[in-house]
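Structure at a glance
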Amino acid sequence: GESVGLHLPTLSVQEGDNSIINCAYSNSASDYFIWYKQESGKGPQFIIDIRSNMDKRQGQRVTVLLNKTVKHLSLQIAATQPGDSAVYFCAEKKTGFQKLVFGTGTRLLVSP
Amino acid sequence: DAGVTQSPTHLIKTRGQQVTLRCSPKSGHDTVSWYQQALGQGPQFIFQYYEEEERQRGNFPDRFSGHQFPNYSSELNVNALLLGDSALYLCASSLRGPLDEKLFFGSGTQLSVL
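Cut-offs applied
Residues numbered from 1 in each chain as written. Chains lettered and ligands numbered in written order. Predicted model: local features only at pLDDT ≥ 70, side-chain atom pairs only at ≥ 80, totals over all residues. Heavy atoms only, no water. Phe/Tyr/Trp six-rings, centres within 6.5 Å; stacked < 30°, edge-to-face > 60°. Helix = DSSP H or I, 4+ residues; strand = E, 2+ residues; numbered from the N terminus. Buried < 20%, exposed > 50% of the residue type's maximum accessible area, 1.4 Å probe, protein only. pLDDT = per-residue confidence, 0-100. Contact = heavy atoms within 4.5 Å. Buried area = accessible area lost by both parts, 1.4 Å probe. Salt bridge = Lys/Arg side-chain N within 4 Å of Asp/Glu carboxyl O. Pairing = 2+ DSSP bridges. Axes fitted to C-alpha atoms, helices over the stretch in contact; angles between N-to-C directions.

Quick word on the packing of aromatic side chains
Residue and element names in this part refer to chain A.
- Taken as a whole and assessed by the stated rule, the structure comprises 12 aromatic pairs over all chains.
- Summarising the aromatic geometry, the rings of F89 and F102 are spaced 6.1 Å apart at their centres and angled 85° between planes, so their arrangement reads as edge-to-face. With F89 in strand β8 (residues 86–93) and F102 in strand β9 (residues 101–102), this residue pair connects regions lying 13 residues apart in the sequence.
- Under the relative-accessibility criterion, F89 is labelled buried at 2%.

Structure, rendered in structure tokens:
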């Protein structure tokens, strides 16, 4: 399911390292995927999106990879900075349906 | 350009009470969705409003209801509050159309039910 309780998976990296956050999505019919960053006390903030007709999309310091065969999504953050510390969620959606389904969050901790 | 704004930021209620949360969408957006986020979990879809009507609903009981006004702002009402309703309630807005998936979230209302 979508909930994993209070113990989020955590990725700890050093400042300047590259980070990779993974996500397994649930619905093979989903055709739109988004990564959100959520800082403490704030709502999710849009990072990058990708449609199912693509397998890679790049933004500023971020890259999203989509593997539809194994229903896997990843977010790569280059030169990770302390300001990148947050919880990251992937989300999936099927065109024509308004419901966005969020996956398991991952806490990213960046040490100076 | 104001983003999505929600009020109040924090709220404390007791079991059985009713609560109303408010949301103003990002300028230019006409669609509002509400999500519930329990501690340590991802947001869960409650429902979406467009043209003042509920368009899609998640797996939430009828105690959860909403409204959208002509200026696109929205309210979420929860009746007969339960302890389990304690959560962060997020409002997200978007612009209906071919590229309407990009949701912009507010900072949420933290509801505590005692």
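Considering the confidence of the model for chain A
- The share of residues in chain A with pLDDT of 70 or more is 94%, and the mean pLDDT across the chain is 90.
- Here residues 1–5 of chain A scores under 50 on pLDDT; set against residues more than four positions off or in separate chains, the count is 11 contacts.

Section: the interface of chain B and chain A
- Contact with chain B, which involves 23 residues of that partner, is made by 25 residues of chain A.
- Both faces combined, the contact of chain B with chain A buries some 2,000 Å², and carbon together with sulfur accounts for 54% of it.
- Our enumeration of links across chain B and chain A arrives at 0 salt bridges.
- Mapped onto the side of chain B that touches chain A, the elements with two or more residues apiece are β4 (31–37), β5 (44–50) and β9 (87–94) of chain B.
- Per-element tally for the side of chain B that touches chain A: the top contributor is β5 of chain B, with 3 residues.

Re the sheet that holds strand β3 (residues 19–24) of chain B
Residues and elements named next belong to chain B.
- The 4 strands are arranged β1-β3-β8-β7 in an open sheet whose pairing can be described as antiparallel. Two strands close off the open sheet at either side, each with one partner strand: β1 (5–7) and β7 (64–68). Here the average twist between neighbouring strands, direction ignored, is 20°.
- Bridging between β3 and strand β8 (residues 74–78) involves 5 bridges; their strand directions are antiparallel. Across the sheet, the residue bridging to R22 is E75, located in β8.

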